[in-house]
Amino acid sequence: MPRNPDHRDLFAGALELMILHTLRLKPMHGYALAKHIKHASDQLLQIEEGSLYPALQRLMRAELLESESGVSAKGRPTRIYRLTDAGLRHLEQETSSFEKMFTGITRVLATSRPQEA
Amino acid sequence: MAFWKLFSRRRRYEDVSVSIQEHLAERAEELMEEGVPRAEAERRARREFGNVTLVEQRSREAWQWPTIESILADVRFAVRQLVKVPGFTVTAVLTLALGIAVNATMFSMVSAFLMPHIPGRDPQRVVVVSAVSPYDNFLPDTYRVSAPNYESIRADRRVFADTAAMWNEIPGSLGGKDEQPEAIQYEAVTPNYFGIFGVSPELGRGLQPGEDQPGRDHVVVISHALWARRYSSNPAIVGKSIRLNREDYTVVGVMGADFRLMLMTPQLWTPLTLTPADQTPDARRTRKLMVLARLAPGVTVQQADAEAKRLAAQAAADYPQIDGRWGASVRILKDYLVHDFHIAQAMAVMMTAVGLVLLIACANVSGLLLTRAAGRQKELAIRASLGASRWRIVRQLFLEGLTIALLGGAAGLGLTWGGVRLMRSLLTFTYAIATIPIRLDEKVLLFAMGATLLAALFSSVAPAVKASRTDLNADLRSEGRAATAGRNRNRMRAVQVGSEIAMALFLLCGTGLLTRGVYSLDHQRLGFREDHLLTAGLLLDGAKYPDGPAQARFVHDLLSRLHLIPGLEDVAVTSNMPATGAGKVPVHIDGIADPPPSEPRRTETVVVTPEFFAASGIAALRGRTFTDHDDVNAPRVAVVNQRFMQRYLGEGDAVGRRVKLEVAGTPQWDQIVGVVADVKSYSEETRVDPLVYEPFAQRPANQFSVMLRGQADPDSMIAPLRQTVAALDAELPLMDVMSMERVIDQQRNGDPVFVEILGTFAGLALLLSAIGIYGLIAYSVRQRTQEFGIRVALGANARDIAGMVLREGILVAAIGSAIGLVLALPLGRGFDAMFPGIHFSSPGIYPAVLLVMIVVAVGATLAPARRAMKVDPTAALRIE
C-alpha cells in the first residue's frame, strides 16, 4: 500500500489520545471512528486500520474503553466502543500533559527562527 | 477475575473479527455509493485495509501474555501436523528416544561412579592424605600411610582440624561356633572416624574416645547392609554380642544406609588400636592406614597438600632408608574415591560414544525434518503470504522439532529405566562394583531433559532456518517443474549424512581397537592351566595360629586330608595364585653387586607347597621344583621363573646361585634349585615380572589360597572342601570359593562387559547412519524422478541411472569415511596412554571398518537405486 509522503508517523500515545477524545463525544464503531479522525484532521492525519484495531484492544485491556454489541450506521452488526470513567480521567490527564508538551515544543521551535530573534 | 478474562477471550477475538468485517463492508458500500462496481469496491476496501489476518493477530496479542498463548497454539498445530504423518513421527521419535536413552543410561553410571554422594556435612572439607610411592606402581599416589606418619599429620592441628585413621579391607570371620562362619571385610577406625564426616549412626552410638585402648576395644558398629542381611534389620541387635575373629564383640551401633564410600564400604567397623610398637622406626615400613582429615577453617586443599608434602619431606630427611623417596598428596575425599576407583577414563570413552550416537540420531531426524520441510514448501509459502512472519514460521518448525524431541525424551526415559536395570544386573562382577548404587535419580532426569533440549536444537534449527528462507514468488509459482529441484537442499543433507558417516566410522574404529585389545588380553596365554581348578582363600588368625610352625602344621593337616577327596589329582597352597599380581620386594644376588638404590632390583615373591607346580601346570625348565623334603629343617631353597633368570642372572648358571629376599623378619639366603616357565604377572596385562618361589614350609604365611585340581567340575569339590576345613576348624571361614576361571573373569573387572556395551553403541551408530544414507538417497531419487524420466526419454538406460544414484551415495560415504578415518587414526595411541598395560594399536582394524562402512553404504543405496531404474519416462514426466 503506497503511503502518502505528507502523512507523518504519529508519535507514541497520539493515536490512543485521539481515539479517547473522539469517543468522548459519543460512543461509536470502528469504521466511524476511523472516518471521524480522518475528517476532523482535514485529511491531514490518515489512520492506518492496521494500527487502529490493535490500539482499540490495548485500550480495552487497560480498561479505558469498553465495547458492546450494536449496529452500524448501515444497520450491520458490529461493536460499539465507549469511554469508561477511568478512560475519561486518563484522557483529561493526558490532554493536559500533551498540551504542556505541545506548548513546550512550539516555544522551542519559535526561538530557533533567527529573523524573529 | 483472571479466569474470567481467559474465558472471555474467545468473545474478544470475535469482537475484533466482527469489527473488521463491518469496517470492510461499510467501506465497500461507501465506494459503491460513489459508483464503483461491487467487486472492485470490495477489492479496494480490502487493499486499503491491508493484511486482515495480521491486524487480527496484532489485536489479539494485546490480550495475550507475551506470546505464550500463540506458542501453545503452535504446539497444538505441531501435534496435529505430526499425527497426520505417523510413519515420519514414529521414526523420528524412536530415533531420538534411542539416542537419549543410551546417553541417560550412561550418565546414570557417570553419576554413580564419578559423582558419589559423600555422607555428612560439608563433604568438600573432608580430605584424604595419601602417600606417594616412588615406584612405578598402579596409581602410585593412592598409597596408605604408616602409623608414625599418621601421627605427625594428626599433630598438625593448624591445617588438619581433626584427623582419623582407617585400616580398610581387613579380612575377618564373622559368626562361628553355632553358626556358619562367614568371611567378611571390615575396617578398623580411630574412634573419631565418624565424627570427621559429622555423621551419627542410625541406631545406637558410634565409637567413643578410649575405645581404641586394648581391653575396651571389643565393640563394633555394623553397616546397614549387614544389619539388613544377617540380622534381619532387628533393632535389638544393639547391645548384643557377635562373634568376630573368634572373639566376642558388642554391637554398639548401626550406620545409616547412605554411609557408603565406594571402595571403602565395609560390612562393619571396629576400633583401630595403635600401640607403642606402631611408633617405632620399623613401623614406618608398614603403610596400611588411610588418613582422613577435616581441614581447619580457612585452609585450602592446596595449602593442606603443601603441608603434607612438607611433612613427607621431613620424614624422608629423618628416615632416608625407609621414607627416603616417598611423597604425600592431599585430595578431597570425593576426588580420591573417584581417582581410586579408576573408572573416569572408561566413562569418558563411553560418554563420547553415546554422545556421538545422539549426534547421529539428531542428524537423522534433522534430515527427516528437512525432507518434510521441502515437501511443505508451498504450505509455508502460503502461510507467509497470509501474513505469518518469518520468525513465526521458524518458531513453528522449531516447535515441531521440540515436540518430536520431547516425545523422544519421554520414550527415552522409559528405555533409560530399562537400561539402568540392565546396567545394574550387568555390573555385579565384583563386590565393589555391586555396592555402587546406579539409579535413575534427579541428576539423571535433569541430564535427560538437557539431552532432549539439545536434541531438539540440533535436529530442528537447521531445517527451520533453511525452510523459512523461502522465496514466496518462486515457491508459489514453481510446480515442481525444475529438472534437478532442491540441489541446494540436498547439499545440506549430504553434509549431514557425511558427518554421520564420519562419526559412525570414528566410533567403529574406536570400538574395534578396544575390542581387539581386550580380546587379545582375554585370549592371551597366561602360562598355566586355568581349567579344572577350584580355589579358595584362607586367613589364619593370630588367636589360634600365632606363629609359623602353627600355620605350617595347619597347612600340612589340611593338604593331607584334602588328598582324600575322590577324583582330586593335585592340591597345593600358595600365597598368591598365578596371574593374580604378587607382592614385590628388593632382592640380593650372591656374587652380583646390588644396583643403586634409585633403581632397586625387585622381584615378585610367592611361597608355595610342593604340588603347586603340578596343580597349576607350570613346567620346570631346569633343575627341580620343591619336594616334601624341603621343610623347615632342610637347607633353604628357591625356584625362580625364566624372566628372573634372563633379567638378573644371565643364561647358564642359574641353578646353584643364592638369592636373598628383603621380606619382613630376618632375610636369609636361599639356594636356587630350579627354573620354571613364565606366567603372566597379572591376567589383564601382558607383562611378566621376575619371580622367586620359596617353599611354604620354610617361610609359612597366615594368608594363602588353596588350589585343587580334579578331573570333575571344580564346583563338585566345594562341599568336600568346606567339610574338610570345618572338620579341622569350625570357626575358620573360606573366602572367595570359586573356580580359577572365575577368578580370572573377576580380574577382568568388567572389561568384556564394557566392550560389549561399547560394541552395542557402535552397532547402533552404524545402523542409524545406514538409515541416514538410505533416507538421503531415497529422497534424492524421489526428487529427481522427472530428471530420470527425461534422461531415459533421451536414451539413458536403467544401468546409467542406477550408476548415477549409487555414485551419489558412495561419494557421500567416501568423503565421510575419509574424514572419520583421519580423526580415528590417533585413537590407538590415545587408548594405549589411557589404559596402560594394554596394547591397542592394531592397524588391521581400519581397513576392516572401512570395508564394513562401504558395504553398508552400498546396501543402503541399493534399494533407492533399484527404484530409480524402474522410472517410467511417460509416468515421470506426467507428474506435476
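Residues numbered from 1 in each chain as written. Chains lettered and ligands numbered in written order. Predicted model: local features only at pLDDT ≥ 70, side-chain atom pairs only at ≥ 80, totals over all residues.

1. Concerning the overall build of chain B
Note the cut-off: Strands are runs of DSSP state E lasting at least 2 residues, helices are runs of H or I lasting at least 4, and numbering of each runs from the N terminus. Using C-alpha atoms as the atom set, the radius of gyration is obtained and then compared with a globule rule of 2.2 Å times the number of residues to the power 0.38. For the exposure call, what matters is how many other C-beta atoms sit within 10 Å of a residue's own: 20 or more marks it buried, 12 or fewer exposed, and in between partly exposed, using C-beta atoms placed from the backbone. Note on contacts: residues are paired as contacts if their backbone-placed C-beta atoms lie within 7 Å.
Within chain B, the secondary structure is distributed over 29 helices and 22 strands. By the compact-globule yardstick of 29 Å for 880 residues, chain B is too spread out, its C-alpha radius of gyration being 37 Å. Principal-axis analysis of the C-alpha atoms gives chain B an extent of 135 × 75 × 55 Å. Here chain B, with 880 residues, has 40% of them falling under the buried criterion. Restricting the contact set of chain B to residue pairs at least 6 apart, pairs at least 24 apart contribute 82%.

2. Some remarks on the overall build of chain A
Helix and strand counts for chain A stand at four helices and three strands. Helices and strands in chain A line up, N terminus first, as α-β-α-α-β-β-α. Counting all 117 residues of chain A, 27% fall into the buried class. Nonlocal contacts in chain A, meaning residues at least 24 apart in sequence, comprise 49% of its contacts between residues at least 6 apart.

3. Here's the deal with the interface of chain B and chain A
What counts here: Three classes are used, and their members are as follows: Ala, Val, Leu, Ile, Met, Phe, Trp, Tyr, Cys and Pro are nonpolar, Asp, Glu, Lys and Arg are charged, and the others, Gly among them, are polar.
The interface of chain B with chain A comprises 19 residues on the first partner and 19 residues on the second. Of all the secondary-structure elements, those providing two or more residues to the side of chain B that touches chain A are helix H1 (2-33), helix H2 (38-49) and helix H3 (52-61) of chain B. In terms of residue count, H1 of chain B provides more of the side of chain B that touches chain A than any other element does, eleven residues in total. Across the side of chain B that touches chain A, the residue classes break down as eight nonpolar, four polar and seven charged.

4. Topic: the nonpolar core
Residue and element names in this part refer to chain B. To keep it simple, the criterion reads: Throughout this description, the term nonpolar core refers to a group of buried Ala, Val, Leu, Ile, Met, Phe, Trp, Tyr and Cys residues whose C-beta atoms join them within 7 Å.
Residues Val-357, Phe-761 and Ala-765 are the most contacted members of the largest nonpolar core, which totals 100 residues. With 18 residues, helix H24 (residues 751-783) is the largest single contributor of residues to this core. Leaving out residues up to four positions away in the same chain, Ala-765 has contacts with Leu-356, Val-357, Ile-360, Met-503, Ala-504 and Leu-507. Residues Ala-147, Tyr-193, Leu-272 and Leu-289 belong to the second largest nonpolar core, which totals 57 residues.

5. Quick look at the pairing of strand E6 (residues 219-222) of chain B
Residues and elements named next belong to chain B. Our working rule: Here, any two strands with at least 2 DSSP bridges between them count as paired.
Residues of E6 alternate between two faces, with Val-219 and Val-221 on one and Val-220 and Ile-222 on the opposite face, all of them buried. As paired elements, E6 and strand E9 (residues 268-271) share two bridges and run antiparallel to each other. Within the sheet, the bridge partner assigned to Val-221 lies in E9 and is Trp-269.

6. A few points about the confidence of the model for chain B
Inclusion rule: What pLDDT conveys is the predictor's confidence in a given residue, as a value from 0 to 100.
Here chain B averages 85 in pLDDT, and 92% of its residues register 70 or above. Below pLDDT 50 for its whole length, residues 479-486 of chain B participates in eleven contacts with residues either more than four positions away or in separate chains.

7. Things to note about the domain arrangement of chain B
Operational definition: The source of the domain bounds is an automatic or database domain assignment.
For chain B, the assigned domains read domain 1 (2-63), domain 2 (144-325), domain 3 (344-523 + 750-878) and domain 4 (545-728). Just the C-alpha atoms count here: the centres of domain 2 of chain B and domain 3 of chain B sit 53 Å apart.

8. Points about helix H9 (residues 301-318) of chain B
Residue and element names in this part refer to chain B. Our working definition: For a helix, the expected span equals 1.5 Å multiplied by the number of residues minus one. Picture the helix axis, draw a direction to every C-beta atom, and the arc is the one those directions span.
Taking 1.5 Å of rise per residue, 18 residues should cover 26 Å, and H9 covers 26 Å from first to last C-alpha, within 8% of that figure. Along H9, the positions that sit buried rather than exposed are Ala-304, Ala-308, Ala-312 and Ala-315. Considered in projection along H9, the buried side chains sweep an arc of 75 degrees and stay on one side of the axis. Residues of H9 that are exposed and point more than 90 degrees away from the buried face comprise Gln-302 and Ala-317.

9. Here's the deal with unusual backbone geometry
Residues and elements named next belong to chain B. Backbone geometry at Ser-232 places phi at a positive 50 degrees, although glycine is not the residue there. By the secondary structure assignment, Ser-232 is in the loop between helix H8 (224-230) and strand E7 (241-244). The backbone phi angle of His-532 is positive, close to 55 degrees, even though this residue is not glycine. Structurally, His-532 is set in the loop between helix H18 (487-522) and strand E12 (533-539).

10. Quick look at the environment of Leu-397 of chain B
Along the chain, Leu-397 of chain B turns up in helix H14 (residues 390-426). Residues Leu-397 of chain B and Val-461 of chain B, 64 residues apart in the sequence, show an inter-C-alpha distance of 8.2 Å.

11. Focus on the sheet that holds strand E1 (residues 28-29) of chain A
Pairing within the open sheet is antiparallel, and its three strands lie in the order E1-E3-E2 (chain A). If you trace the sheet from one side to the other, it starts and ends with E1 and strand E2 (65-71) of chain A, each paired once.

12. A few points about the confidence of the model for chain A
Averaged over all residues, the pLDDT of chain A is 77; the fraction at 70 or higher stands at 79%. Here residues 1-8 of chain A scores under 50 on pLDDT; set against residues more than four positions off or in separate chains, the count is four contacts.

13. Focus: the packing of helix H26 (residues 798-824) of chain B against helix H28 (residues 845-869) of chain B
Residues and elements named next belong to chain B. Worth spelling out the cut-off: Helix axes are fitted to C-alpha atoms over the stretch in contact, other axes to C-alpha atoms as well, and angles between N-to-C directions run from 0 to 180 degrees. Small angles under 35 degrees read as roughly parallel and large ones over 145 as roughly antiparallel, with 65 to 115 read as roughly perpendicular and the rest as oblique. Handedness of a helix crossing follows the sense of rotation of the near helix relative to the far helix, less than a right angle counterclockwise being left-handed and clockwise being right-handed.
With their axes 8 Å apart at the nearest point, H26 and H28 run at an angle of 150 degrees to one another. In this view, H26 runs roughly antiparallel relative to H28, as classed from their interaxial angle. Considering the relative orientation of H26 and H28, their crossing is right-handed. Within the contact between the two elements, H26 uses Ala-798, Ile-801, Ala-802, Val-805, Leu-806, Gly-809, Ile-810, Ala-813, Ser-817 and Leu-821 and H28 uses Tyr-846, Leu-850, Met-853, Ile-854, Ala-857, Val-858, Ala-860, Thr-861, Pro-864, Ala-865, Ala-868 and Met-869. Tallied by class, the residues present in the contact of H26 with H28 amount to 19 nonpolar, three polar and no charged.

14. Thoughts on the packing of H24 of chain B against H26 of chain B
Residue and element names in this part refer to chain B. Two numbers describe how H24 lies on H26: the axes approach to 10 Å, and their chain directions differ by 145 degrees. When the axes of H24 and H26 are compared, the crossing they make is right-handed. Residues Ile-773, Leu-776, Ile-777, Ser-780 and Val-781 of H24 lie in contact with H26, whose contacting residues are Val-805, Glu-808, Gly-809, Val-812 and Ala-813. Split into classes, the residues belonging to the contact of H24 with H26 amount to seven nonpolar, two polar and one charged.

15. Some remarks on the environment of Leu-337 of chain B
Residues and elements named next belong to chain B. Along the chain, Leu-337 turns up in helix H11 (residues 333-341). Separated by 83 residues in sequence, Leu-337 and Val-420 place their C-alpha atoms 22 Å apart. Aside from chain neighbours lying at most four places away, what touches Leu-337 is Pro-116, Leu-261, Met-262 and Leu-263.

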